[in-house]
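Fold and geometry: a report
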Amino acid sequence: MLLVVAIFAIPLGAQTKLKVWFAVSGDSGEAFKALLEKYMAANPSVVLDYSYSGNYADTATKISAALISNTAPDVALMAAGPLYTGARGDYFIESKINDPDFKKDDIYPGVWDYAKYNGRICAIPYGISTPVLYYNKAIIEKAGINLKNPPKTWNEFLQVAKTAQAKGNITGTSDFWGFDVTDVPWLFKTMLNQNENTVISVKGTDVSPAFNDEKGVEVATFWKRLIDEKVMPIGQHANAEKKFLAGNLAFLVATSARISRWSKDASLQIGAIPMPYFKKPSVALGGNVLIILSKDQKAKEEAWNLVKFLANTENQTTFALSTGYLPIRKSGLSLPEAKKAVESNQMYAIAFDQLDISWSYWHFDQMGTMDQLLGQAIDALERSAMTPKAALEKAAKELQAEING
Amino acid sequence: MRKHRHVRYPWTMLFLFCTSALMIFPFVWMLLSAFKTPADVYNYPPKWIPSSFQFTNFAEVFKKIPFIRFYINSIFVSVVQTVLQIAISAMGAFAFAKLDFPLKNKLYAFMQSSLFVPEIVTIIPMFLLAAVAGLIDTYTGLIVAELNCAFTTLLLISFFQSIPNELIDAAKVDGCGYFRVFLEIILPNSKTAIGAASLFAFLTHWRSYMWPLIITNNVKMRTLPIGLKYLVTETGTEYQVLMAASVMAIVPVLIVYILMEKEFVQSITLTGMKT
């Protein structure tokens, strides 16, 4: 009742209106909307005009159009957010994160790199995900594999995947495989970092490709081995998830954002093991970030209050657990609901543990092109159209040309 | 004689049967998937017939998105756009086909060349204009910017050229001005072409996604293609629900096609147009 009285007590002119766009739909969209509603209920002087802005690519186009026509939202939840703040010289968020209420140091250090442009923070990591190595429990059981001591390195994993493929065919199909991945560039970048390759080289503010060095070629050569030893099908990555869910694939690397949905489906018997590695454990981060695009200072401050609210331990962890994204704060893991999720669901435990080894490179303008070129390079080497070295060299050359403009 | 045609051309019939099957396959798959359980959707080898018919998939669509609102918006926007586009295209086509005016050939070439420009290239400047004109989140903004008349104008020009000039001259002798010639001679003799052009225009507007997404922020203003995208999520897609929504989404298109099938086929024959 007090809330109702409070709402009517606020003169209409005193209300602040913030426009919010978000690039997540389904359960994630609903969870995000619930948080926005919660903010409005707690802050009657603020009205949030929120809307779904399409998927990541669509939102990028929508934001680009809105920026040049001065109709951009105050807050956006999107992928590659730093390209729309840092790249425009807007580092407002960097000036706010030392706010004691925000508890900057509570956020995983690796996660911060996902919110940087030119080495400076210009976004707040939010719907963060990592690649997770899932397995089909029925296949592993049939193959007689014990994953209590999971393979640590990719070479060890290759042998396990081969055994699963040879002995674990539960559907009797000829189209049965040991391993596949849904997002090729994401896993490849993870593997590169595990092999002590930095993917890109940064000197000052200059970025250049680094994935084509000797360590990169080693990773690409291992990738080709997965094909040559017939553990992974050639160029079937777009169907990998369907194959996995149909019981025709033993191991799948896919986003941690699948955990929530797959856990709710009782017909799916899926587990996860820590990501194997080459020289050091590491997983590349993905997902979305919060950015502030308000024009005037007052709106920026109001937008920051909203961002702070969305990214606090309780709210961000709630969002993470209801969507399958990961908690960005260390304190999130000590919340009862997070503890319960880890205890009751081994996949959450694996994904949360990986946050300690999560890694990202700074955002740069051509990073989308880089992923595209890496995907093409992997496709070429899978089809034996190019050697691993030649494929990476070509991708690096084309990326450098793109960077040079 | 006619009923034995399939016996006389068995290979042609076989080829047509195979290509028809290829075209129909995705629609049959969509229809059957709309009734499947999640387990059926991912089953391998693929399960054609659902293990149990899940009519709840259709109900789920209405729970997850404001489907009726999207539907009404799509019908309203597509119909108004089609009517406006055909009206403008028909008048333009009449001018190009039957009148002489300065820069006619250059304007014709300019119109043709506009077909080669991808939508994504023009979308940001168009949005800028729409924002300046205050058309964001309005039906006017949704409708006007997508009146892409070039293709339908070119289609109608080729048909209008086939109408004998003598017919127009006779009308002029009887005292008709250009507008009456257009209304009473050109239009009544072009029902087939106008029907086909309307079908093309309606289909284009019905499935338009990018512009409606860019120009609208308010969920109440959005159209079906954006609504379907709400069902595709980053954390996984419920294909059976998406298919149920898609089945409902194609109903108006089928109705329009059934109503205009005759005109469409005749127009292809008369204008030599291929899609």
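Note that this is a predicted model, so its numbers are computed, not measured.

A look at the overall build of chain B
The helix and strand inventory of chain B stands at 15 helices and zero strands. Taken over the C-alpha atoms alone, chain B extends approximately 70 × 65 × 30 Å along its principal axes. For chain B, buried positions account for 33% of its 275 residues. A fraction of 75% describes how many contacts in chain B between residues 6 or more apart in sequence connect residues 24 or more apart.

Details of the overall build of chain A
Tallying secondary structure elements over chain A gives 17 helices and 15 strands in all. A globule of 405 residues ought to have a C-alpha radius of gyration of about 22 Å, and chain A, at 22 Å, matches this closely. C-alpha extents for chain A along the principal axes are approximately 70 × 50 × 30 Å. Buried positions account for 49% of the 405 residues belonging to chain A.

A word on the environment of Arg222 of chain B
All names here are of chain B. For Arg222, the position within the fold is in the loop between helix H13 (210-215) and helix H14 (224-230). Spatially, the C-alpha atom of Arg222 lies 18 Å from that of Met126, the residues being 96 residues apart in sequence. The contacts of Arg222, once residues within four sequence positions are left out, are Phe70, Asn73, Pro212, Thr216 and Gly227.

A word on the sheet that holds strand E7 (residues 131-136) of chain A
Residue and element names in this part refer to chain A. One open sheet accounts for four strands, arranged E8-E11-E7-E12; its pairing is mixed. Both outer strands of the open sheet, strand E8 (177-181) and strand E12 (270-273), are each paired with one neighbouring strand and no more. Adjacent strand axes in the sheet meet at a mean angle of 25°, parallel and antiparallel pairs treated alike. Pairing analysis gives four bridges linking E8 to strand E11 (residues 249-255), with the strands arranged parallel. Paired with Trp177 across the bridge in E11 is Leu249. Helix H7 (residues 154-167) rests against E8 and E11 of the sheet, and its axis sits at about 125° to E8.

Things to note about the pairing of strand E9 (residues 200-203) of chain A
Residues and elements named next belong to chain A. When E9 meets strand E10 (residues 206-209), the two strands line up antiparallel, connected through four bridges. Note on E10: the bridge partner recorded for Lys203 is Asp206. Hairpin connection of E9 to E10: two residues between the antiparallel strands, including Gly204 at a positive phi of 65°.

Observations concerning the domain arrangement of chain A
Residue and element names in this part refer to chain A. Domain assignment breaks chain A into domain 1 (2-129 + 286-359) and domain 2 (131-284 + 366-404). Using only C-alpha atoms to locate each centre, domain 1 and domain 2 end up separated by 29 Å. At the junction of the two partners, domain 1 supplies 20 residues and domain 2 supplies 21 residues. Mapped by element, the contributors of at least two residues to the side of domain 1 that touches domain 2 are helix H13 (313-323), helix H15 (346-354) and strand E15 (358-359). Of all the elements, H15 adds the most residues to the side of domain 1 that touches domain 2, at seven residues.

Brief notes about the environment of Ala143 of chain A
Residues and elements named next belong to chain A. Inspection of the secondary structure assignment puts Ala143 in the loop between helix H6 (137-142) and H7. Ala143 sits 26 residues away from Asn169 along the chain, and the two C-alpha atoms are 8.0 Å apart. With sequence-adjacent residues up to four places away left out, Ala143 is seen in contact with Thr163, Ala164, Lys167 and Gly168.

Describing H13 of chain A
Residue and element names in this part refer to chain A. Within H13, eight of the 11 residues are buried, which leaves the element mostly enclosed by the surrounding structure. All buried positions along H13 are accounted for by Thr313, Gln316, Thr317, Thr318, Phe319, Ala320, Leu321 and Thr323. Summarising the contacts, the buried residues of H13 are in contact with helix H2 (26-42), strand E6 (124-129), helix H11 (259-264), helix H12 (297-310) and helix H14 (336-344). Phi for Gly324, located one or two positions after H13, is positive at around 105°.

Notes on the interface of chain A and chain B
Accessible area lost on assembly of the parts is the figure often given for the size of an interface. Of the residues lining the interface, 31 residues belong to chain A; the matching set on chain B comes to 24 residues. Mapped by element, the contributors of at least two residues to the side of chain A that touches chain B are H2, strand E2 (46-52), helix H3 (56-68), helix H10 (240-245) and H11 of chain A. Here the side of chain A that touches chain B takes six residues from H3 of chain A, the largest share from any one element. By residue class, the composition of the side of chain A that touches chain B is seven nonpolar, 17 polar and seven charged.

Regarding unusual backbone geometry
Glycine aside, residues mostly have negative phi, and peptide bonds are mostly found in the trans state. Residues and elements named next belong to chain A. Positive phi, close to 60°, is recorded for Asn70, a residue that is not glycine. Counting through the fold element by element, Asn70 comes out in the loop between H3 and strand E3 (75-78). Despite not being glycine, Asn118 shows a phi value in the positive range, around 50°. Its location among the elements puts Asn118 in the loop between strand E4 (116-117) and strand E5 (120-121).

Structural notes on the confidence of the model for chain B
For chain B, the mean per-residue pLDDT works out to 88, and 93% of the residues sit at or above 70. Both scores are available for the predicted complex, with the pTM at 0.83 and the ipTM at 0.74.

Examining the nonpolar core
One recurring pattern in soluble globular proteins is that nonpolar side chains are buried together. Judged by nonpolar contacts, the single largest core of 162 residues is most densely connected at Leu290 and Val307 of chain A. Here this core spans two domains, since at least three of its residues come from each of domain 1 (2-129 + 286-359) and domain 2 (131-284 + 366-404) of chain A. Sequence-distant contacts of Leu290 of chain A, that is, excluding residues within four places in its chain, are made with Val75, Leu77, Ala123, Ile124, Tyr126, Val307, Leu310 and Ala311 of chain A. Membership of the second largest hydrophobic core comes to 25 residues, among which are Leu156, Phe159, Ala193 and Phe264 of chain B.

What about the packing of H2 of chain A against H13 of chain A?
Residues and elements named next belong to chain A. Viewed as axis vectors pointing N to C, H2 and H13 meet at an angle of 160°, and their least axial separation amounts to 9 Å. As judged from the angle between their axes, H2 and H13 are roughly antiparallel. Considering how the two elements wind past one another, H2 and H13 form a crossing that is right-handed. Of the residues in H13, those touching H2 at Asp27, Ser28, Ala31, Phe32 and Leu35 are Asn315, Phe319, Ser322 and Thr323.

Description of the confidence of the model for chain A
Should the pLDDT be low somewhere, the predicted coordinates at that spot are not to be read in detail. Averaged over all residues, the pLDDT of chain A is 92; the fraction at 70 or higher stands at 97%. This stretch, residues 1-10 of chain A, has a pLDDT under 50; its non-local contacts, to residues over four places away or in other chains, come to six contacts.

Side note on the sheet that holds strand E14 (residues 286-292) of chain A
Strand pairing in a sheet relies on backbone hydrogen bonds, with the paired strands running either antiparallel or parallel. Residue and element names in this part refer to chain A. With respect to topology, five strands assemble into an open sheet ordered E2-E1-E3-E14-E6, the strand pairing being mixed. Each edge of the open sheet is held by one strand with a lone partner, namely E2 and E6. Across the sheet, the mean angle from the axis of one strand to that of its neighbour is 15°, orientation sign disregarded. Here seven bridges tie strand E1 (residues 16-22) to E2, and the two strands are oriented parallel to one another. Bridge pairing in E2 places Phe22 opposite Tyr52. Strand contacts of H12: E1, E2, E3, E6 and E14, with the helix running at about 145° to E14, the strand carrying the most contacts.

What counts and what doesn't
Residues numbered from 1 in each chain as written. Chains lettered and ligands numbered in written order. Predicted model: local features only at pLDDT ≥ 70, side-chain atom pairs only at ≥ 80, totals over all residues. Helix = DSSP H or I, 4+ residues; strand = E, 2+ residues; numbered from the N terminus. Buried ≥ 20, exposed ≤ 12 C-beta atoms within 10 Å, placed from the backbone. Contact = placed C-beta atoms within 7 Å. Rg over C-alpha atoms; globule rule 2.2 N^0.38 Å. Pairing = 2+ DSSP bridges. Axes fitted to C-alpha atoms, helices over the stretch in contact; angles between N-to-C directions. Domains from an automatic or database assignment. Nonpolar A, V, L, I, M, F, W, Y, C, P; charged D, E, K, R; others polar. pLDDT = per-residue confidence, 0-100. Core = buried A, V, L, I, M, F, W, Y, C linked by C-beta atoms within 7 Å. Parallel < 35°, antiparallel > 145°, perpendicular 65-115°, else oblique. Left-handed = near helix turned anticlockwise from the far one by under 90°.

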